[in-house]
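Chain residues, written in single-letter form:
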Amino acid sequence: MEQTEIIEPFQETMEEMYVNMGPQHPSTHGVLRLMLKLDGEVVTEITPYIGYLHRCHEKIGENRIYTQVIPYTDRLDYLASMYNNFGYVLTVERLMGLQVPERAEYMRVILAEMQRIASHLIWMGTFGLDLGNFTIFMYCFREREKILDLFESVSGQRLNYSFYRIGGMPLDLPDSFLTDCKAFLEWFKPRLPEYDAVMTDNIIFQKRVQGIGKLDQKAAIDYAISGPMLRGSGIKWDLRRNDPYSIYDRFEFEVPVGSTGDVWDRYMVRRLEMAESVKIVEQALRDLPPGEIMGKVPKKLKPPAGDIYSRVESPRGELGFYVASDGSEKPYRYKVRSPAFVNLSVLPVIGAGHLVADMVAILGSIDIVLGEVDR
Amino acid sequence: MGRITPDEIIQAIMSQFGEAVKASEIKGVEARMDVDRGKSYEILLALKGMGFDYLNCVSSVDRIASGDLEAVYNLSSLNESAKAMVRVRVPREDPVIRSVVPIWSAANWHEREAFDLMGIRFDGHPDLRRILTSEDWVGHPLRKDYQDERLVPYEPA
Amino acid sequence: MEKTLERFYAAFAALGIPWIVPQLILMLVVASLVILFISVSVMFMIWWERKISAHIQVRYGPMRVGGWHGWAQSLADGIKLLIKEDVIPAGADKLVFALAPMVVFAAALAAYVIIPFGPNLIVRDLNIGVLFYISISSLTVVGIIMAGWSSNNKYSVLGALRSAAQAVSYEVPLVVSILGVIMTVGSLSMIQIVEAQQRIWFVIPQFAGFLIYLTAALAECNRLPFDIPEAESELVAGFHVEYSGMRFAIFFLAEYANMFTVAAIATTLFLGGWHGPLLPPWLWFLIKTYFIIFVMMWLRWTLARLRVDQLMNLGWKVLLPLAFLNMGITGVVLVLRG
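Residues numbered from 1 in each chain as written. Chains lettered and ligands numbered in written order. Predicted model: local features only at pLDDT ≥ 70, side-chain atom pairs only at ≥ 80, totals over all residues. Heavy atoms only, no water.

### A few points about the pairing of strand β4 (residues 306-314) of chain A
Residues and elements named next belong to chain A. Our working rule: Exposure classes here rest on a 1.4 Å probe applied to the protein chains alone. A residue is buried below 20% of its type maximum, exposed above 50%, and partly exposed in between. Counting from the N terminus, the helices are DSSP H or I runs at least four residues long and the strands are E runs at least two residues long. One requirement defines pairing of two strands: DSSP has to find at least two bridges between them.
Most of β4 is tucked away, with eight of its nine residues classed as buried. Examined bridge by bridge, β4 and strand β5 (residues 317-325) share nine bridges and lie antiparallel to one another. Along β5, the bridge assignment pairs Ser 310 with Phe 321. Remark: two residues form the turn of the hairpin made by β4 and β5, two consecutive strands paired antiparallel.

Structure, rendered in structure tokens:
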């Protein structure tokens, strides 16, 4: 097997300076490493280096039976574990042609949308940190903590839930969940204007994020950007709406879009999406039917030989799973198309030419989770 | 939405490239094609011309039984409901495919990943470096015959 | 006061000891008192800031150390910093690296000479008091640049350069904003400025000046929203990224000491210094000073950080013209009133 390329030594001139940002840096949101070429304070070139958290997720998947992969998917995007479970079990169900009971579908949507709120909350908090506003961070974590309490009451876990099963859900919702969840939503709705007071309406915040990191529609499609980033560029594209899976076609919700594709638009899309997720959860709680939670699933899961690519709209964008089966108990090949991985690849394009401070804001607005980028 | 059907896609590609399409199949709204590697770039370019402007994913599979490596392109469109899946097989001894980065920039990191983990080389890629493993890594971990002295084989109890 | 001093000197003279000895003893005593005051006040401010930030952020802050609301937390932190290992990076310029915190602290310390805590509670009532403060406070930048340069770290250099740019930009509006007060009083002496405010605090006629001073002062102390020299999300910690333990503690001490100075000068120039009913003068002075510090902390925990070019624009294009306008109007009014 061949040895690959040689590391090029970086040559510095008197005018330009290379700064190594990361893998340990407060605003790389994990172990991302960026090689910045600086001209004074202006970033002229960004070279991302990833893989510091690579743990052969896909190779592990090939060596486990289909159900055993679920706990590993938790660790992909560890801020939205429910959604990873969702995407994976949906893929295998599609591959096998399994039907999921009504009640389980509703449970899935409720938990997934709550997870979206929790994930966007973390994003908002850490984005505030990137811009030097610490207070919003604590506010967002206060709310997220309540969501985690709800998840704990459902699954017993607070971060890595492993709560979806191929063909349904393992446990029914606890009796207290409906009232608790409704109470949380009632409590959460008035919190959104609070964030506006600290962030959205603050003139310093607006001046910091408007007009930087612009991503036009053409580049967004070219780079296959997805999720809030794509919608921030003004493309009304939400897989829950445009390629509906599970029971998302039954709910009424808006798809917020931006106009210019700058950091501000991405911020606003996520901020408005939280309110839309609240709407979806409310409708799902209202319509939640009684009944079975686990469909008819064979004891040994042996999908027919063949392959499938299936995608869901995770809080970060299009989370796709490519699973190739050879008819055995284990996936022959299992690949994750993680939204953060693809969205991050556009950073050198939208980040170059900005000040260091703006670069940090732009990186924050992409909303990466390194567990998912590096797999 | 939904102006073009998977059937039409396969028809159009078959008529244009003929023998380069080795097999085709329709699954729901998805048109699936196995194509020859010599014409893969042209076929993918033609698919983009049909409206597949969004490259979802480039996966790589080690088909060790037949001694091939496989690259799988998943395409979709923001205007059409149809999807496309294109598979390209290359022999393990000479795993070279023409890069599609000129068609979709999104392919850049996907192809780097396929190169890094599976060892498929993409001809014409602007920056074909390892991406997830370190620069001095030897071998391609996702190949079925990958061996590493640190790798403990998994034995189910 | 004068008599006590004369007797003190006379006692030494009677023993045949040259005058330099009692002078030195006196200097040492005063310096120790000032350092003691700074340490206690800084420890209080750190604890207070943690409490304020905690309550703004719906949490409690320190609650354990010392019992009541964690009052001894800063003390414990201070001791921890003192006994930590002293690390000097291998590539650092050792002498400059070691000197930098001292320069910063010395500058912060020297400014306390002219703070009038009460009618007699001032180390030295210099006739150029305000000017002395302005010149001594710009020394801090020298220390920061020394720290940034000697650390041999790119983040430090960037932080130090930002700091220098910021200090130069904000020194000017700061000085111009207090010219209104000086023109009204006709003196640079702190005591005389306070005494001139017996009838009315200068914050009323000089409100614009007060706001400009406060904004520029925030930038002088590198506090949010102007903390770009140490912006932790961009430059990790800016100029003091390589400092740890005792040396870091000195930077920290100097930062808070500067905050106190800035607030104390604001109190003296605009809020009537020690004037106030019922309570003793020194208490009034401290209340006003800590109120301004509170405002600074409040701002810090509410606002986001400005960008480096926005900061420059604000300084040169907004604050400076406003400060000049304020000075001009004050001059016209003074001339008209004769």
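### Some points on the domain arrangement of chain C
Residues and elements named next belong to chain C. Short version of the rule: As used throughout, domain bounds are those supplied by an automatic or database domain assignment. Any two residues whose heavy atoms approach within 4.5 Å at even a single point are treated as in contact. Simply put, the buried area is the total loss of 1.4 Å probe accessible area from both parts when two parts are fitted together. The term salt bridge refers to a side-chain nitrogen of Lys or Arg lying within 4 Å of a carboxyl oxygen of Asp or Glu. We call two N or O atoms a polar contact when they sit within 3.5 Å, provided that within protein one can donate a hydrogen and the other can accept it, with sequence-adjacent residues counted only if both atoms are side-chain atoms. Lys, Arg, Asp and Glu make up the charged group, whereas Ala, Val, Leu, Ile, Met, Phe, Trp, Tyr, Cys and Pro make up the nonpolar group; the residues left over, Gly among them, are polar.
Splitting chain C by domain gives domain 1 (1-78) and domain 2 (84-337). Taking the mean C-alpha position of each, domain 1 and domain 2 sit 20 Å from one another. With 16 residues of domain 1 in contact, the opposing surface of domain 2 contributes 19 residues. Summed over both sides, the interface between domain 1 and domain 2 buries roughly 1,800 Å², with carbon and sulfur atoms accounting for 82% of that surface. Its largest share of buried area at the contact with domain 2, domain 1 owes to Ile 38, Met 45 and Glu 49, together 32% of the area lost on that side. Where domain 1 touches domain 2, the interface holds one salt bridge. One salt bridge in this structure joins Arg 300 and Glu 49, with 3.6 Å as the shortest N-O distance. Between domain 1 and domain 2 we count two residue pairs in polar contact (both at pLDDT 80 or more) in total. Here the residues of the side of domain 1 that touches domain 2 are counted per class, giving 12 nonpolar, three polar and one charged.

### Quick look at unusual backbone geometry
Residues and elements named next belong to chain A. In this model, Ser 162 sits at a positive phi of 45°, which is unusual for a non-glycine residue. Judged by relative accessible area, Ser 162 falls into the buried class, the value being 17%. Here Ser 246, not a glycine, exhibits a phi torsion of approximately 50°, which is positive. Checked against the element boundaries, Ser 246 lands in the loop between α11 (239-242) and α12 (263-287). We classify Ser 246 as partly exposed; its relative accessible area is 21%.

### Topic: the pairing of strand β5 (residues 83-91) of chain B
Residue and element names in this part refer to chain B. Counting buried positions over the nine residues of β5 gives seven, a clear majority of the element. In terms of strand pairing, strand β2 (residues 30-35) meets β5 through six bridges, oriented parallel. What sits directly across from Arg 32, in β5, is Met 85. The pairing of strand β4 (residues 68-76) with β5 spans eight bridges and is classified as antiparallel. Each residue of the ladder has a partner; that of Leu 75, found in β5, is Ala 84. What sits between the antiparallel neighbours β4 and β5 is a turn of six residues.

### Quick word on the interface of chain B and chain A
Opposite the 50 residues of chain B that make contact, chain A presents 46 residues. Roughly 4,400 Å² is buried in total at the junction of chain B and chain A, and carbon and sulfur atoms are behind 54% of that figure. At the junction of chain B and chain A, the tally comes to six salt bridges. For the salt bridge of Glu113(B) with Lys335(A), the shortest nitrogen-to-oxygen distance reads 3.2 Å. The tally of links between chain B and chain A comes to 19 residue pairs in polar contact (both at pLDDT 80 or more). Sorting the residues of the side of chain B that touches chain A by element identifies β3 (54-63), β4, β5 and α3 (107-118) of chain B as the ones contributing at least two each. For the side of chain B that touches chain A, the element with the highest residue contribution is β3(B), accounting for 10 residues. A per-class count over the side of chain B that touches chain A returns 24 nonpolar, 11 polar and 15 charged.

### Examining a nonpolar patch on the surface
Residues and elements named next belong to chain C. Threshold: The patch calculation keeps residues exceeding 30% relative accessible area without a salt bridge and links them within 9 Å when they carry like charges or within 5 Å when they are nonpolar (Val, Leu, Ile, Met, Phe, Trp, Tyr). Accessibility throughout is a Shrake-Rupley quantity obtained with a 1.4 Å probe, and a residue counts as covered only by protein chains that appear here.
On the surface, Trp 19, Ile 20, Val 21, Leu 24, Ile 25, Met 27, Val 29, Leu 33, Leu 36 and Val 40 cluster together to form a nonpolar patch covering roughly 960 Å² of accessible area. Structurally, Trp 19 is set in the loop between α1 (2-14) and α2 (20-56). Judged by its relative accessible area of 59%, Trp 19 is exposed.

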